[in-house]
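Spelled out from the first residue to the last, the chains are:
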Amino acid sequence: MADTSTPGARGGDVARALATAPVQDYLEQLHAELAQVSGGTIADYIPELTRADPNWLGIAIATADGHIYQVGDSRQPFTVQSISKAIAYGLALSDQGLDAVLAKVGVEPSGEAFNSISLEPDTGRPMNPMINAGAIATTALVRDDRAPPLERLLATFAGYTGHAMDIDTAVFESERETGHRNRAIAHLLRGYGILESSPEAATDLYFQQCAIRVTARDLALMGACLANGGVNPVTGVVALKRRYVDKVLAVMSTCGMYDYSGGWIFNVGMPAKSGVGGGIMAVLPGQFGLGVFSPPLDAKGNSVRGIEACERISRDFGLHLFSVARATSATVLRRSYDCTRIRSRRERSPAETALLAEQGGRVRVYELQGELVFGSAESVELAMLADLAEADALVVDLKRVVAVGDAAARLLLRLAERVAASGKQIYFTETMHLYGFRRLLQKTHAAASADWLRFDDTDRAVEVCEQRLVDAAGVGADVLDGADLHNNYLCRGLSDTALDTVRAAGSERRYPAGAAVLSIGDTAQSVFFVLAGEAEVWVSTGEGGKSGRRVRLTTLGPGTVFGEIGVLDRERRTANVTASTDLTCLEVPFAVLDPAIREHMLANMARHFAAMLRENAELVRHLA
């Protein structure tokens, strides 16, 4: 189940979007598959841990935006055990400073088991804070004048998880009764002068720290805090000062999985920390935290199904930390809008315009930018799913996207599948430069992708979506009579006699579909009234005679006019006009127009263009 307490949500829409998001679907499928995985044994050197059910399996992901996805036994409490070492290390750095902590505990991988006695020969300094020797020394450094060490630890964990924490006293007592090796390590540290407090007090605090109760959801949020620069993405609480986050993640990367740390970073590629209680906390910096809980352990003390879950998620979404990626934009969502605000460039009749002003919110457009990775794609995808409740069609403009990572591509694929399953439309436009993304859609859904990728021009996609609304309302059948010049704005207010004069001055022209009507550079000599069919006004992005991309300025139908700007100055044409369908126009030369009629048309033009400027203020901002 997805978490519905995400901040900033628009009520039930985001809650529903989380529950139906592709990430949630993926986790549910993964959980079902991993539930069939067997192997491993529950840790028995702490007798109380043997009470765990070997079938428990919980997986949770918390993003840097505060979205939480979880499946299975994600809220089943268990003891954090060695995962606490990462949190305690960050707290010790905050309390004592980097130099003081490094004087007591190193940062070199030991390559040995978690309970090994890996000390520097001359100094007795533990190799790193992730093995028990280093963790005991680190926990002993948690102290200041604000509160006793245990209260400081519990308060710090609460900052990471967003709720009060407690200790499983039964597990604490069990560890205390059987932790002779850890006591021996503590006495050895005291002998070297690494510990300055009582070895018994140090180990008791360490045992209590390991017995703090957490859930897989908690682990995901703890990881999300580290992914988010030390800030809890749900509560906004600073769990760890930013300057120490990279130090904690670095040690987790090299030492967090003990003598499997090398294999882990090679196969999974995320900083992580495991515990013998069956938990694993992993972090993808800048994107999310991952928490997995499953009690059966492998020979190295790591959760069998936890390892498999992390490997699968990393592999399936291409999340390896060392995958080469360009820097992303501050936000990938450049802007979003609907057709009540910005419509296609197709000229619409008054009835169609009124309909789109009322129902245009059912067509949503999203302009993305930068590089899409898991975290950014997940956030945008969630916004789209929330909008889908009230939308019939989504248009995703990828023109400004420089690259789509594997994880982001799979999320967008799952989004398309979800939209299609709901009986609605989605179009990815301006994608010709994103070959890998197009190829993924085409390989996975050959037929559907032909529709998803059918438009390279966002404006064309928006027009088609608008037309569906127009046709469904029956407004599209109300086509203006182009032969009746009363319908044309340029002739508005002219008498029937004046209109007869205009008709008599003109000549009817017919153009087959695809024929050129006007070209850039032609001398402006006539105005054209569209009587039947459609014409497209367009320019090319090419310069100096070079061919470029064709950009539509507008599409005109019966009752509209083009070429009227020439009435002002009779300069050369600045745009091309082509017959989109078989086209019939009334061409009226400027020179033969009665001066009084020409003056009336100029006044109509002034009012028309003034209205256009007011109406298109939003479009001007959109194109900026």
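That block above? That's the structure.
This is a predicted model, so every value here is computed, not measured.

## Remarks on the overall build of the chain
Looking only at helices and strands, one finds 23 helices and 19 strands in the chain. At 34 Å, the chain has a C-alpha radius of gyration far larger than the 25 Å of a compact globule built from 624 residues. Taking the principal axes of the C-alpha coordinates as reference, the chain spans close to 110 × 45 × 40 Å. Buried positions account for 53% of the 624 residues belonging to the chain. For the chain, the share of sequence-separated contacts (at least 6 apart) that also reach a separation of at least 24 residues comes to 75%.

## A short note on the sheet that holds strand 12 (residues 507-511)
Read across the sheet, four strands follow the order 12-19-14-17 without closing on themselves; strand pairing throughout is antiparallel. Of all strands in the sheet, those bounded by a partner on one side alone are strand 12 and strand 17 (561-562). Bridge analysis of strand 14 (residues 526-532) against strand 17 gives two bridges, and the strand direction is antiparallel. Opposite Phe 528, over in strand 17, you have Phe 562 as the bridge partner.

## Some thoughts on the packing of aromatic side chains
Note on aromatic pairs: each is described by the distance of the centres and the angle between the planes. Counted by the stated rule, this structure contains nine aromatic pairs. Seen from their ring centres, Phe 78 and Phe 293 are 4.0 Å apart, and the 0° between their planes marks the pair as stacked. Here Phe 78 is found in strand 3 (residues 78-79), whereas its partner Phe 293 is found in strand 7 (residues 288-293), with 215 residues between them in sequence. When sorted by exposure, Phe 78 lands in the same class as Phe 293, which is buried. Ring centres of Tyr 206 and Phe 207 lie 6.1 Å apart, and the angle between their planes is 50°; this geometry places the pair in the tilted category. The burial state of Tyr 206 is the same as that of Phe 207; both residues are buried. These aromatic residues form a ring-pair network of at least three members: Tyr 26, Phe 288, Phe 317 and Phe 374. Its guanidinium or amino end placed over the ring of Trp 538, Arg 550 lies 4.2 Å from that ring's centre, counting from NZ or CZ.

## Some details on the state of the cysteines
Per the stated rule, a full pass over the model turns up zero disulfides. A disulfide-free cysteine, Cys 310 has its sulfur positioned 18 Å from the sulfur of Cys 225, the nearest such atom. Cys 465 supplies the cysteine sulfur nearest to Cys 339, a cysteine that is in no disulfide, at a spacing of 7.2 Å. When its relative accessible area of 0% is taken as the criterion, Cys 339 is described as buried.

## Quick look at the pattern of salt bridges
For the structure on display, the rule yields 31 salt bridges. When the shortest N-O distance is used, the salt bridge between Arg 345 and Asp 459 registers 4.0 Å. Here the residue Arg 345 occupies a position in the loop between strand 8 (333-338) and helix 14 (350-359), and Asp 459 occupies one in helix 19 (residues 458-472), the gap between them amounting to 114 residues. Using a relative accessible area of 9% as the deciding quantity, one classes Asp 459 as buried. A cluster of three or more residues bridged by salt bridges with shared partners is formed by Arg 345, Arg 346, Asp 459, Glu 463, Glu 534 and Arg 552.

## So, helix 16 (residues 406-421)
Relative to the 22 Å expected for 16 residues at 1.5 Å per residue, helix 16 spans 23 Å between its end C-alpha atoms, a close match to the ideal helical length. Along helix 16, the residues that are buried comprise Ala 407, Ala 408, Ala 409, Leu 411, Leu 412, Leu 413, Leu 415, Ala 416 and Val 419. Just downstream of helix 16, Gly 423 is the residue with a positive phi angle, here 80°.

## Here we look at a nonpolar patch on the surface
A cluster of nonpolar residues, Ile 117, Leu 188 and Tyr 192, forms a patch on the protein surface that exposes about 260 Å² of accessible area. Tracing the backbone through its elements, the reader meets Tyr 192 in helix 8 (residues 180-192).

## Overview of the packing of helix 14 against helix 19
Close contact between helix 14 and helix 19 brings their axes to 10 Å; oriented N to C, the two are set at 105°. As summarised for this structure, helix 14 and helix 19 are arranged roughly perpendicular, according to the angle between their axes. Contact residues: helix 14 offers Glu 352, Leu 355, Leu 356 and Gln 359, while helix 19 offers Glu 466, Leu 469 and Val 470. Here the residues of the contact of helix 14 with helix 19 sort into four nonpolar, one polar and two charged.

## Looking at the pairing of strand 19 (residues 583-589)
In terms of burial, strand 19 is largely enclosed, as six of its seven residues are buried. Relative to strand 19, strand 12 runs antiparallel, the two sharing five bridges. Along strand 19, the bridge assignment pairs Arg 510 with Thr 584. Relative to strand 19, strand 14 runs antiparallel, the two sharing six bridges.

## Some remarks on the packing of helix 15 (residues 374-388) against helix 16
One way to put it is that helix 15 packs onto helix 16 with a least axis distance of 8 Å and a crossing angle of 15°. As summarised for this structure, helix 15 and helix 16 are arranged roughly parallel, according to the angle between their axes. Pair helix 15 / helix 16 crosses with right-handed handedness. On helix 16, the residues that touch Phe 374, Ala 377, Glu 378, Glu 381, Met 384, Leu 385 and Leu 388 of helix 15 are Ala 407, Ala 408, Leu 411, Leu 415, Arg 418 and Val 419. Looking at side-chain class alone, the contact of helix 15 with helix 16 contains 10 nonpolar, no polar and three charged residues.

## Regarding helix 6 (residues 149-161)
With 13 residues, helix 6 ought to run about 18 Å at 1.5 Å a step, and its terminal C-alpha atoms sit 18 Å apart, in line with that. The complete set of buried residues in helix 6 reads Arg 152, Leu 153, Thr 156, Phe 157, Gly 159, Tyr 160 and Thr 161. At its buried positions, helix 6 is contacted by helix 3 (84-96), helix 5 (132-139), helix 9 (199-210) and helix 10 (216-227). One or two positions beyond helix 6, positive phi appears at Gly 162, with a value near 85°.

## Notes on the environment of Met 257
Here Met 257 lies in the loop between helix 11 (242-255) and helix 12 (261-267). For Met 257, a relative accessible area of 0% puts it in the buried group. Among all residues touching Met 257, those that are not within four sequence positions of it are Trp 264, Ala 272, Lys 273, Ser 274, Ile 280, Asn 302 and Ile 307.

Definitions and limits used
- Residues numbered from 1 in each chain as written.
- Predicted model: local features only at pLDDT ≥ 70, side-chain atom pairs only at ≥ 80, totals over all residues.
- Heavy atoms only, no water.
- Helix = DSSP H or I, 4+ residues; strand = E, 2+ residues; numbered from the N terminus.
- Rg over C-alpha atoms; globule rule 2.2 N^0.38 Å.
- Buried < 20%, exposed > 50% of the residue type's maximum accessible area, 1.4 Å probe, protein only.
- Contact = heavy atoms within 4.5 Å.
- Pairing = 2+ DSSP bridges.
- Phe/Tyr/Trp six-rings, centres within 6.5 Å; stacked < 30°, edge-to-face > 60°.
- Lys NZ or Arg CZ within 6 Å of the ring centre and 35° of its normal.
- Disulfide = S-S within 2.5 Å.
- Salt bridge = Lys/Arg side-chain N within 4 Å of Asp/Glu carboxyl O.
- Expected span 1.5 Å × (residues − 1).
- Patch = residues over 30% accessible without salt bridge, like charges linked within 9 Å, V, L, I, M, F, W, Y side chains within 5 Å.
- Areas by Shrake-Rupley, 256 points an atom, 1.4 Å probe, with all protein chains shown as cover.
- Axes fitted to C-alpha atoms, helices over the stretch in contact; angles between N-to-C directions.
- Parallel < 35°, antiparallel > 145°, perpendicular 65-115°, else oblique.
- Nonpolar A, V, L, I, M, F, W, Y, C, P; charged D, E, K, R; others polar.
- Left-handed = near helix turned anticlockwise from the far one by under 90°.

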